[in-house]
Amino acid sequence: MASAMYNKMWHQTQEALNSLLDKESQKVIEPQRNQVFIFQTLATFYIKYVQIFRNLENVYDQIVHPQKRILIRKILDGVMGRILELKNEMVELELTEFHYFDDILQDLKLAPQQLDIPIPKYFLKEKLGVIKEREKILAQILADSGLQVPDMKRPVKGVSLEEAVRFIQVAERARQGRLRAMFMKQIFLREYRARHTRELGDKIADVGAAALRIQKVWRGFHQCRKTKRHREKEMVFLGMSPPPMFNDVSATILQAEKVTGLRNEVQMKHEKDYREALVTIKGDLKLIEGPDIKENLQDQIRRWFIECRNLTGTFPDYPDVEEGGSAVIFSNKTPQQVIDDIIANQEDEEKNKRKKKEKKAKKEKDKGKEKKTKEKNKQEEDQGWKMSPSVFLHMMEEGNTVYKDIWKNKDESGNFHQDYDPEMIREENRKELESEIRAQVDELMRQELKNLKLAVNREKELPARTRKQKGGKNEQKGKKGKKEKKGKEKDLTADRSIESLYKELVEERLLIQPLKVNLSDYIGEYSYLGTTLRQVAIEPMPSLLDVRQLIALYGILPLGSATVHEKAPFVKSLLLAGPSGVGKKMLVHAICTETGANLFNLSSANIAGKYPGKSGLQMMLHMVLKVARQLQPSVVWIGDTEKTFYKKVPSAERMMEPKRLKKQLPKILKLLKPNDRILIVGTTHRPFDAELQSFCRVYQKIILVPRPDYASRLVLWRQLIQHNGGVITDALNVSCLAKVTDGFTQGHIVEVIKGVLTDRRVRQQIQKPLVALEFVAALSSMSPVYLEEEDSFKDWYAKTPMGKKRNLALTGGNTGKKRDKGKKKEKKGEREKKKK
């Protein structure tokens with residue numbers, strides 16, 4: 001598509017965002033009580049923001065104008081953050097991580113696929129060079145230390161001469177046996193034909209009957225083929241089967257991909273030109289306009305000195321650098337307005353002296369008012385629900401106003417190549433240049449003011465005021481120093497470089513290379529009955545697509561964007577719980593692949609025997625956090641995390657010390673700040689073996705990963721068979737396979753397909769199409785996930801904090817809360833009696 005088309009897409013998306021911001025500003029003010037209405041409002045906003053996000057991501061990826069891209073990026077980050085805020089609101093309202101929008105999607109006439117969260121391509125594109133360099137260094141360290149990941153191909157073993165002769169003999173005898181069998185078959189057929197002709201020799205051949213029989217067979221075959229063709233056309237017409245060339249990549253798509261690549265090259269060239277222009281234009285402005293700006297500022301400040309002297313009788317105090325210097329006085333003000341401000345400040349000082357006496361009397365009244373305000377707040381809470389304030393709405397509104405002021409009606413007929421606008425760069429650089437020159441002028445004018453005070457007034461600066469200022473600064477410094485002492489950690493590796501720490505972690509296999517897996521490779525289908533089941537008070541099991549969306553929202557979007565991570569609801573840790581083979585590790589690797597994050601493996605089996613003792617453990621965690629912060633984004637993965645929180649350590653695992661990290665993990669979470677793009681991800685297939693309280697204290701978000709349902713299994717079978725070189729024909733009943741494999745996980749299905757579709761079997765497909773029985777035979781040796789195991793995961797999740805809240809909300813939460821409070825009081829009373 002051309003640049004005009006992407007500009008049009010951007011304008012349409014901005015219009016949609018503008019109308020959505022207007023609607024949201026109206027809804028924020030109105031308090032509501034009906035929970036269903038509140039959820040539908042939030043869900044509608046969420047879905048619309050996702051649509052805007054999809055369009056903006058596409059536009060940002062393909063638009064080539066560098067100054068437009070800066071604005072789109074700001075709005076894109078704002079939309080991402082707002083989606084996360086709305087998700088958080090829905091979680092707090094419904095007390096569940098999974099939400100279903102079937103009815104709302106139907107009203108908005110949208111397909112479920114349009115609700116899928118896209119992964120912005122700039123996460124990887126903008127740091128592609130850094131990622132490639134890091135991969136080279138990691139591969140080099142692994143190769144040098146002999147820890148290179150082995151290839152999937154089997155190594156070729158050497159064979160002795162005797163064994164080689166024996167293999168040749170076996171193969172030759174087998175070949176001779178096959179030839180002998182073929183000769184015997186030919187002899188048998190020859191004898192059979194001779195005997196048959198002898199038996200029929202007396203009968204006279206009827207030519208007409210023979211012709212009739214041939215005709216009958218041919219017509220039947222011809223009609224069957226014709227009927228089959230008609231049936232295939234009808235199924236394609238009805239949309240029940242794909243068209244003949246459905247799986248083939250069309251020439252149009254190939255051309256579009258080629259154009260996309262060319263646009264990316266143009267984008268990089270324009271970005272480079274824009275950065276060079278920023279430097280050159282700023283230099284030109286400094287030479288041409290710099291002296292005039294400096295002279296105007298000096299004249300303005302001198303006039304302020306004289307006016308203050310005439311009005312107050314003394315020269316004013318010059319604002320400090322921390323306060324902003326002269327910019328505080330003259331920000332968007334004329335000299336006359338500055339004079340009026342001086343007079344107003346004098347009057348305010350006199351009023352403040354009077355008010356100090358009145359404040360003491362008001363303090364007692366304020367205490368009574370505080371109680372009233374608390375009662376009012378309670379009444380407001382009873383009135384209804386209000387949407388919590390958003391950090392990202394202001395960012396989006398700012399971006400929207402800039403779009404309206406500059407880009408909405410801008411004539412770009414002369415800018416066909418979409419290069420940068422030099423006039424806009426000049427306006428931006430003028431402000432920067434003025435602030436730089438103002439800092440220099442402030443230093444000169446402070447000295448000039450000091451000289452004026454000495455020469456004209458024959459007086460020094462007021463000592464009392466300076467003392468107060470000095471004392472205030474010292475107090476502030478002291479407070480800051482205390483905070484810094486508390487916040488700072490001891491750097492145990494101050495004498496070592498990041499490169500050496502990185503190398504050590506790789507050699508100890510604490511920092512591993514993530515597998516190249518995209519989130520889109522986690523195949524699943526949307527749950528179409530979620531809303532219907534909840535209306536009948538049945539809690540549905542989440543689908544694989546729901547899990548994939550949560551990983552994108554909680555893991556990938558915050559790690560990919562620093563702005564979103566700092567301001568969005570802060571998720572420090574994530575737990576993926578589910579049976580073996582449902583793709584938990586794959587999701588961890590997908591987070592790293594999509595964001596270009598480092599992967600640290602702190603599983604109990606991996607850290608066993610490494611860095612022994614308390615000091616060794618402290619050093620290991622310090623190194624991991626230091627490297628993770630320096631090379632963020634980073635993911636800290638704890639596999640089989642239930643072992644870290646064992647209720648009782650099995651005797652076979654006591655030597656491994658699986659509970660080493662139990663006390664350290666809460667401390668690590670406290671150290672993580674919004675600036676640190678570090679995510680702790682735990683995976684477990686037996687969460688019920690862990691202490692629930694400490695488990696839930698560490699993991700902020702718990703995601704239950706289920707076994708695939710029928711729809712997901714159908715999609716899995718189709719895509720995985722085709723991905724491994726299989727061809728789906730009418731002979732292969734994929735629906736039957738999806739039905740038969742109820743209870744089997746994705747891991748089972750992948751293993752079966754790889755076992756059946758060998759290179760030899762793929763080559764034989766033309767003569768011998770694939771049949772469902774081939775896959776069923778391979779499945780017979782595997783054990784599925786039974787309903788009892790799935791129910792045990794449901795029961796465990798119901799005991800987690802989120803699960804308890806959800807159950808209380810469904811069964812009438814107020815009564816439950818009152819009972820709990822009563823029980824707690826009774827227990828406290830019993831304890832007090834025992835103590836007495």
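To start, this report covers the structure provided alongside it. The structure displayed is predicted, hence computed values, not measured ones.

1. A word on empty space enclosed by the protein
Reasoning step 1: Inspection of every chain in the model, using the stated rule, returns 7 cavities of 30 Å³ or more.
Reasoning step 2: Approximately 110 Å³ is the volume attributed to the largest cavity.
Reasoning step 3: Listed by contribution, the elements that provide at least two residues to the lining of the largest cavity are helix 3 (66–94) and helix 18 (544–560).
Reasoning step 4: If you tally residues by element for the lining of the largest cavity, the top one is helix 18, at 4 residues.

2. A short note on the packing of helix 22 (residues 613–630) against helix 23 (residues 664–671)
Think of two packed helices as two axes; the pair is described by the angle between the axes and how far apart they sit.
Reasoning step 1: The N-to-C vectors of helix 22 and helix 23 enclose an angle of 30°; their axes lie 12 Å apart at closest approach. In terms of orientation, helix 22 and helix 23 fall into the roughly parallel class. For the crossing formed where helix 22 meets helix 23, the hand is right-handed. Every residue of helix 23 that contacts helix 22 at Leu617, Leu621, Leu625 and Arg629 is listed here: Gln664, Ile668 and Leu671.
Reasoning step 2: For the contact of helix 22 with helix 23, the residue count by class is 5 nonpolar, 1 polar and 1 charged.

3. Here's the deal with the pattern of salt bridges
Reasoning step 1: All chains considered together, the criterion is met by 33 salt bridges.
Reasoning step 2: Here glutamate 398 and lysine 74 are joined by a salt bridge, their closest N and O atoms 3.1 Å apart. Note that glutamate 398 is positioned in helix 13 (residues 392–407) and lysine 74 in helix 3, a separation of 324 residues in sequence.
Reasoning step 3: Note on glutamate 398: relative accessible area 32%, which makes it partly exposed.

4. Observations concerning the environment of leucine 444
Reasoning step 1: You can see leucine 444 is positioned in helix 14 (residues 422–457).
Reasoning step 2: Looking at leucine 444, the relative accessible area reads 43%, which means it is partly exposed.
Reasoning step 3: Taking the C-alpha atoms as reference points, leucine 444 and glutamine 298, separated by 146 residues in sequence, lie 8.9 Å from one another.

5. Overview of a positive patch on the surface
Reasoning step 1: The grouping of Arg225, Lys226, Arg229 and Lys233 at the surface amounts to a positive patch.
Reasoning step 2: Note on placement: arginine 229 falls in helix 8 (residues 207–238).
Reasoning step 3: Relative accessible area serves as the criterion here: at 44%, arginine 229 is assigned to the partly exposed category.

6. Thoughts on the packing of aromatic side chains
Reasoning step 1: In total, this model carries 14 aromatic pairs according to the counting rule given.
Reasoning step 2: An angle of 70° between the planes, with centres 6.4 Å apart, marks the rings of phenylalanine 645 and tyrosine 699 as edge-to-face. Remark: tyrosine 699 occurs in the loop between helix 24 (692–698) and strand 6 (701–704) and phenylalanine 645 occurs in the loop between strand 4 (634–639) and helix 23; sequence separation between them is 54 residues. In this structure, phenylalanine 645 and tyrosine 699 share a single accessibility class: buried.
Reasoning step 3: We note arginine 69 situated over the ring of tyrosine 60; from NZ or CZ to the ring centre the distance is 4.3 Å.
Reasoning step 4: One Lys or Arg, lysine 410, reaches over the ring of tryptophan 407 and ends 5.8 Å from the middle of that ring.

7. Re the nonpolar core
Reasoning step 1: Formed by 84 residues in total, the largest nonpolar core has its most connected members in Tyr46, Tyr49, Val79, Phe101, Ile551, Val635 and Ile703.
Reasoning step 2: Sorting elements by how many residues they give to this core places helix 2 (residues 35–62) first, with 14 residues.
Reasoning step 3: Among the nonpolar cores identified, the runner-up in size contains 44 residues, and Leu621, Ile638, Leu665 and Tyr699 belong to it.

8. Remarks on unusual backbone geometry
Reasoning step 1: Note the cis peptide between glutamine 632 and proline 633, where omega equals 5°.
Reasoning step 2: Within the secondary structure, proline 633 sits in the loop between helix 22 and strand 4.
Reasoning step 3: Its identity as a non-glycine residue notwithstanding, lysine 109 has a phi of 60°, on the positive side.
Reasoning step 4: Tracing the chain through its elements places lysine 109 in the loop between helix 4 (102–108) and helix 5 (122–125).

9. Notes on a nonpolar patch on the surface
Reasoning step 1: Residues Leu179, Met182, Phe183, Met184 and Ile187 make up a contiguous nonpolar surface patch of about 460 Å² in total accessible area.
Reasoning step 2: Structurally, the position occupied by phenylalanine 183 is in helix 7 (residues 161–199).

10. Points about the pairing of strand 4
Reasoning step 1: Along strand 4, 6 of the 6 residues are buried, which leaves the element largely enclosed by surrounding structure.
Reasoning step 2: Where strand 4 lies against strand 5 (residues 678–684), 6 bridges are found, and the strand directions are parallel. For glycine 639, the partnering residue across the bridge sits in strand 5 and is threonine 683.
Reasoning step 3: Between the parallel elements strand 4 and strand 5, the chain passes through helix 23 in a crossover that is right-handed.

11. Concerning the sheet that holds strand 2 (residues 573–577)
Reasoning step 1: The strand order across the open sheet formed by 6 strands is 1-3-4-5-2-6, and the pairing between neighbours is mixed. The sheet terminates laterally at strand 1 (511–512) and strand 6, the two strands that pair on one side only.
Reasoning step 2: Of the strand pairs in this sheet, strand 2 and strand 5 are connected by 5 bridges, and their pairing is parallel. Within strand 5, the position partnered with leucine 574 by the bridge is valine 681.
Reasoning step 3: Helix 20 (residues 584–595) contacts strand 2, strand 3 (598–601), strand 4 and strand 5 of the sheet and is inclined by roughly 170° relative to strand 4.

Cut-offs applied
- Residues numbered from 1 in each chain as written.
- Predicted model: local features only at pLDDT ≥ 70, side-chain atom pairs only at ≥ 80, totals over all residues.
- Heavy atoms only, no water.
- 1 Å grid on protein atoms, 1.4 Å probe; cavity = no way out; pocket = protein on both sides within 12 Å on 5 of 7 lines; lining within 4 Å.
- Points joined across faces, edges and corners; volume = space filled by probe spheres on them.
- Helix = DSSP H or I, 4+ residues; strand = E, 2+ residues; numbered from the N terminus.
- Axes fitted to C-alpha atoms, helices over the stretch in contact; angles between N-to-C directions.
- Parallel < 35°, antiparallel > 145°, perpendicular 65-115°, else oblique.
- Left-handed = near helix turned anticlockwise from the far one by under 90°.
- Contact = heavy atoms within 4.5 Å.
- Nonpolar A, V, L, I, M, F, W, Y, C, P; charged D, E, K, R; others polar.
- Salt bridge = Lys/Arg side-chain N within 4 Å of Asp/Glu carboxyl O.
- Buried < 20%, exposed > 50% of the residue type's maximum accessible area, 1.4 Å probe, protein only.
- Patch = residues over 30% accessible without salt bridge, like charges linked within 9 Å, V, L, I, M, F, W, Y side chains within 5 Å.
- Areas by Shrake-Rupley, 256 points an atom, 1.4 Å probe, with all protein chains shown as cover.
- Lys, Arg positive; Asp, Glu negative; His and termini not counted.
- Charge placed at Lys NZ, Arg CZ, Asp CG, Glu CD.
- Phe/Tyr/Trp six-rings, centres within 6.5 Å; stacked < 30°, edge-to-face > 60°.
- Lys NZ or Arg CZ within 6 Å of the ring centre and 35° of its normal.
- Core = buried A, V, L, I, M, F, W, Y, C linked by side-chain atoms within 4.5 Å.
- Pairing = 2+ DSSP bridges.
- Right-handed = clockwise from strand over helix to strand, strands pointing away.

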